[in-house]
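Residues per chain are reported as follows:
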Amino acid sequence: MDKSLLVDKDQALPHRQQKMPVARKHAVLGTNMQGPWPTHAQKAYFAMGCFWGVEKLFWQLPGVYCTAVGYMGGFTKNASYEDVCSGQTAHTETVMVVYNQELTDFWTLLEAFWQGHNPTQGMSQGNDQGTQYRSAIFWADDMQKMFGEKSRGLYQGSLSKAGLGKITTEIKKAKEFYFAEDEHQQYLAKHPSGYCGLAGTGVAF
Amino acid sequence: MHKNNPHNQSYDMSALCAALPELTPHIIEGQRGQQTLDFSDGQAIKALNKAILKKDYRIDFWDLPDGYLCPPIPGRVDYLYHLKDLITPPTDRAVSALDIGTGANLIYAIVGSRAFNWRFVASEIDSMAVNCAKQLVKVNKGLSKQIKVRHQSDENSIFANIIHSEDYFDVSLCNPPFHRSQEEAAQGNQRKNKNLNYNKSKRGSTLKPHKKDQLNFAGTHKELWCEGGEQAFIKKMIEQSVAVKEQVGLFTCLVSRKEHLPAIYKTLKSVNATMVKTVDMAQGSKVSRFVAWSFFSE
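Residues numbered from 1 in each chain as written. Chains lettered and ligands numbered in written order. Predicted model: local features only at pLDDT ≥ 70, side-chain atom pairs only at ≥ 80, totals over all residues. Heavy atoms only, no water.

Chemist: Looking at this structure, how should I read the overall build of chain A?
Modeler: Per the secondary structure count, chain A includes five helices and eight strands. Taken from the N to the C terminus, the helices and strands of chain A come in the order β-α-β-α-β-α-β-β-β-α-β-β-α. Taken over the C-alpha trace, chain A has a radius of gyration of 16 Å; the compact-globule value for 205 residues is 17 Å, and the two agree within 12%. Residues classed as buried in chain A amount to 52% of the 205 residues present. A fraction of 79% describes how many contacts in chain A between residues 6 or more apart in sequence connect residues 24 or more apart. Working note: accessible area of chain A is about 9100 Å², and carbon and sulfur atoms make up 50% of it. Within chain A, one finds 19 positive and 19 negative side-chain charges whose respective centroids are separated by 3 Å. (Helix = DSSP H or I, 4+ residues; strand = E, 2+ residues; numbered from the N terminus. Rg over C-alpha atoms; globule rule 2.2 N^0.38 Å. Buried < 20%, exposed > 50% of the residue type's maximum accessible area, 1.4 Å probe, protein only. Contact = heavy atoms within 4.5 Å. Areas by Shrake-Rupley, 256 points an atom, 1.4 Å probe, with all protein chains shown as cover. Lys, Arg positive; Asp, Glu negative; His and termini not counted. Charge placed at Lys NZ, Arg CZ, Asp CG, Glu CD.)

In structure tokens form, the structure reads like this:
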């Protein structure tokens, strides 16, 4: 099948009954992977290619309380990595970022998002091909929606000036975040020389 | 309206639409054939605010998450012009102002910094509103040098945590939450909306009443209510102003109901304020006022 095409709901793989087991602690930050988090915590969800590198990008930012890798934007509930790699779930590899609104803000995360990858590549990112690598911002509240859309407009201006193409990033309302398998959580902390193809365009936000 | 308030004439809708084309679809024809808006439609008011901020205050981007208070800009600007009359500007630096409870909208700080070149610290207890306000500062060029947004993490404190030891403010201002409960705030909103629709029907408009979720006055967060309502809030503010009396030249606060004034004066007397002044403002048919007090001898 052509992995550069999004499958429809009726073509998608069936749901899995079993929720993915999640380790209790973040391997780097030591925080609880599934909450509860402090009062000023808010979640944000970013997809920008292979989630291993993306998660590392965010756990290094100040004010980030917890991160996790998973799947969002498609149809198959409790999908496995294998399901997602088949291109038949319509999910994209997504990183959940729990940030402390006292110490940082969504705009700072957006800056890391736009500068951290190439948002003009459609159904791929770098060498990774397929719908599971498409770029997306899944907003968790109205404020994120509003600034997410504003930031896309701004960054498109910068990219166009630099001669780059049209942004293909999806900006959609967050749905359920399906945790990925434990082996993928904080992958680059567990495998320091693991694969990471994440690279920005070099255009400043 | 204050004589210097640039918004003391009716809105120039053509100029506003030219500044912000997204306002155009909201324009309707008024009774006298003039261009106007449905002032009970939250989306229209939001677009109007965006247009005013863009045209008159060089604000490229302003928006609000749903459920947060969308303020009428002319009235807000009026308060600022009256404050300007009251304070003696320092000669060696810009005026520094403190906005208590800025909401997600940050209007006083935005307008005050753009129109008067004042510096602002803006406080807020709702963390999403704080986040929103902080980002407005980041997104609009030039604001970050003039506005600092600080989160009030203690619901019972007004100045503590917000005024740092090195701060001095020429003036503090506040649009206090005026309802006593979230329920009362919601009812107040409905009433306000009913009145608007009633006025509209009087004028012969055929617009349908708006659904609850479209209300312009929907401020379900703590912008509109606090325990004890406006009266309790202002009392607390006056009592807590004593602890920072050396750091604020002039404290001020809007008072929505004049029936609250006697109790306010009594509290001001009990804390030995050296100067107390009430300034009346009139915006159209709406009369409002703010109380100002100080602990400095004149």
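From this point, the discussion proceeds with the structure in view.
Chemist: Which parts of the structure should I look at to understand the nonpolar core?
Modeler: Soluble globular proteins: nonpolar side chains tend toward being buried together. The biggest cluster of nonpolar side chains holds 98 residues, and the ones touching the most others in it are Phe46(A), Phe58(A), Phe106(A), Phe147(A), Leu106(B) and Trp118(B). Sort the elements by how many residues they give to this core and helix H5 (residues 127-139) of chain B lands first, with eight residues. Residues contacting Trp118(B), with those up to four places away along its chain left out, are Leu80(B), Leu83(B), Lys84(B), Ile87(B), Val95(B), Ala97(B), Gly112(B), Ser113(B), Gln146(B) and Val171(B). (Core = buried A, V, L, I, M, F, W, Y, C linked by side-chain atoms within 4.5 Å.)

Chemist: What's the story with the interface of chain B and chain A in this structure? I'm lost.
Modeler: The extent of an interface is frequently quoted as the accessible surface area lost upon association of the parts. On the side of chain A, 15 residues touch chain B, which itself brings 15 residues to the contact. Around 1500 Å² of area is buried between chain B and chain A when both sides are counted, 58% of it from carbon and sulfur atoms. Of the charged contacts, one joins Asp105(A) and Lys138(B) as a salt bridge, the two residues approaching to 3.2 Å between their closest N and O atoms. The leading source of residues in the side of chain B that touches chain A is H5(B), at nine residues. Grouping the constituent residues of the side of chain B that touches chain A by class yields seven nonpolar, four polar and four charged. (Buried area = accessible area lost by both parts, 1.4 Å probe. Salt bridge = Lys/Arg side-chain N within 4 Å of Asp/Glu carboxyl O. Nonpolar A, V, L, I, M, F, W, Y, C, P; charged D, E, K, R; others polar.)

Chemist: Can you help me understand the environment of Pro89(B) in this one?
Modeler: Residues and elements named next belong to chain B. Within the secondary structure, Pro89 is located in the loop between helix H3 (73-86) and strand E3 (96-100). According to the relative accessible area criterion, Pro89 is exposed, its value standing at 53%. Spatially, the C-alpha atom of Pro89 lies 9.9 Å from that of Trp118, the residues being 29 residues apart in sequence.

Chemist: I would appreciate a short explanation of the packing of aromatic side chains in the present structure.
Modeler: Ring pairs (aromatic) are described by centroid distance and by the angle formed between their planes. Taken as a whole and assessed by the stated rule, the structure comprises 24 aromatic pairs over all chains. An angle of 55° between the planes, with centres 6.0 Å apart, marks the rings of Tyr155(A) and Phe205(A) as tilted. With a gap of 50 residues between them, Tyr155(A) in helix H4 (residues 142-161) and Phe205(A) in the segment after helix H5 (187-190) connect regions that are remote in the sequence. Note on Phe205(A): relative accessible area 25%, which makes it partly exposed. Centroid distance Phe159(B) to Phe251(B): 5.4 Å. Interplanar angle 65°. Geometry classified as edge-to-face. Taken together, the residues span a long stretch of sequence, with Phe159(B) in the loop between strand E5 (147-151) and strand E6 (169-174) and Phe251(B) in strand E7 (residues 248-255) at a distance of 92 residues. A relative accessible area of 1% means that Phe159(B) is categorised as buried. (Phe/Tyr/Trp six-rings, centres within 6.5 Å; stacked < 30°, edge-to-face > 60°.)

Chemist: How do you make sense of the pattern of salt bridges when you look at a structure like this?
Modeler: Close approach of charged atoms allows side chains of opposite charge to pair. As enumerated under the stated definition, the model contains 13 salt bridges over all chains in all. Its salt-bridge partner being Lys172(A), residue Glu170(A) comes within 3.7 Å of it at the nearest N-O pair. Accessibility expressed as a relative area gives 13% for Glu170(A), which makes it buried. Lys172(A) gets classed as partly exposed once you look at its relative accessible area, which sits at 43%. Taking the shortest distance from any N to any O, the salt bridge between Lys55(B) and Asp56(B) comes out at 3.0 Å. In this structure, a network of salt bridges that share partners links the residues Glu22(B), Lys46(B), Lys50(B) and Asp63(B).

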